[in-house]
Every structure is written in C-alpha cells, then in structure tokens.
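# Reading the structure
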Amino acid sequence: MQAVGSCDTGPEMAVRRLLHRLGYRYRLHRADLPGKPDVVFGSRRKAIFVHGCFWRGHSCKRGSRKPKPNAEYWGRKIAGNVARDARQRVELTAEGWTALTLWECETGDGGSLAQRLKAFLEHHSGERCS
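This one's a predicted model, so the numbers in the text were calculated from it and none came from an experiment.

Calculation rules
Along each chain, residues carry numbers from 1 onward, in the same order as the chain's sequence is written. Owing to the predicted nature of the model, reporting of local features is limited to residues with pLDDT of at least 70; listing and counting of side-chain atom pairs is limited to 80 or more, with chain, interface and lining totals taken over all residues. To obtain the side-chain values, all non-hydrogen atoms of the structure were used and water was disregarded. Numbering of helices and strands runs from the N terminus, with a helix taken as a DSSP run of H or I at least four residues long and a strand as a DSSP run of E at least two residues long. When DSSP finds two or more bridges between two strands, those strands count as paired. In what follows, a contact means two residues having at least one pair of non-hydrogen atoms within 4.5 Å. Helix axes are fitted only over the stretch in contact, all axes being lines through C-alpha atoms; the angle between N-to-C directions runs from 0 to 180 degrees. Residue burial is assigned from relative accessible area. The probe radius is 1.4 Å, only protein chains are included, and a residue is buried under 20% of its type maximum, exposed over 50%, and partly exposed in between.

### Overview of the environment of Gly 63
Assignment of secondary structure puts Gly 63 in the loop between strand E3 (46-51) and helix H2 (71-94). For the pair Gly 63 and Cys 53, spaced 10 residues apart in the sequence, the C-alpha separation amounts to 4.4 Å.

### Here we look at the sheet that holds E3
As summarised here, the arrangement of the 4 strands in space is E1-E2-E3-E4, forming an open sheet in which the pairing is mixed. Each end of this open sheet is capped by a strand with a single partner; those strands are strand E1 (27-28) and strand E4 (98-103). Against the sheet, helix H1 (residues 10-21) makes contact with E1, strand E2 (39-41), E3 and E4, and its axis sits at roughly 145 degrees relative to E3, the strand it touches most. Here H2 sits on the sheet and contacts E3 and E4; the angle it forms with E4, its principal contact strand, is near 150 degrees.

### Brief notes about unusual backbone geometry
As a rule of thumb, non-glycine residues mostly have phi less than zero, and peptide bonds are mostly trans rather than cis. Of note, the phi angle at Lys 36 is positive, near 45 degrees, even though the residue is not glycine. As for its position among the elements, Lys 36 is in the loop between E1 and E2. With relative accessibility at 44%, the residue Lys 36 sits in the partly exposed group. At Arg 45, a position not held by glycine, the phi torsion is positive, near 55 degrees. Its location among the elements puts Arg 45 in the loop between E2 and E3. Judged by relative accessible area, Arg 45 falls into the partly exposed class, the value being 35%.

### Digging into the pairing of E4
Each regular strand carries side chains that alternate between the two faces of the sheet. Of all 6 residues in E4, 6 are buried, a share of seventy percent or more. What you see with E4 is no split at all: Thr 98, Leu 100 and Leu 102 on one side and Ala 99, Thr 101 and Trp 103 on the other are buried throughout. Sheet analysis places E3 next to E4, joined by 6 bridges and oriented parallel. Bridged to Lys 46 within E4 is Thr 98.

In short, geometric facts, not functional conclusions.
Here it is as structure tokens:
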C-alpha cells in the first residue's frame, strides 16, 4: 500500500496534460482548500478532483470490486473516504468554489473528457455543473 501515491497518479497526469493542451493553466493540490483539490483554477474559483475508482467506491467495474482478505477493514476504509469527500465538497461549496469530480475510469476517453472539462471551466460560477 505504500506504493500507492496520493498525487501525480496516472489518471491525474492524464487530466493535467489534457488541460494544458486545451490551453488552461492551473495550480496543483492547494492545501488551503478543503479536500486539497488535485487541480485548482483560482481566478475562476473552480477545482477538480481526480478520484481512483477503487479507493472511492465508484459504481464502475473497478470501483465495485470488493477485496476478500480483510473485507471489513476495506469496507470501512472506502466508506470513510466517501463520507470525507462529501464533507469536503460541502465545505468547498460553502467557501464559494465549484468542484468537478472525475473518475479514474473516465480519463481514458480524451474527446468526451475534453468537452466535459471545457463545459465545466467555461460555465459561470452561478451555474450548476456536475
């Protein structure tokens, strides 16, 4: 488990490369924001989280896998991650930020991901974007 990184992961790097190619500039892992978002656009007050499917219990094939050894521990761990993410998202919204969560399984399709990122970043902060 020590080998699992919390930042600069493959999916996160794919999102960052795509954003850079699209012409967006950003900051990384701002510790002063709830949840320490992976990518931050300060002037737009927008943040992007890139979540690993397994670690956050996503509903995709990879995320819905249940480890057999020590299943109780992993169930609590993943449920705790989900609860913490929800709390931090509420805190971030309360501070006037808009956040987008991208899942590891979504980072492989560059075309639709690019459209989704553009839509998120070009919406005005008063509008709702998943």
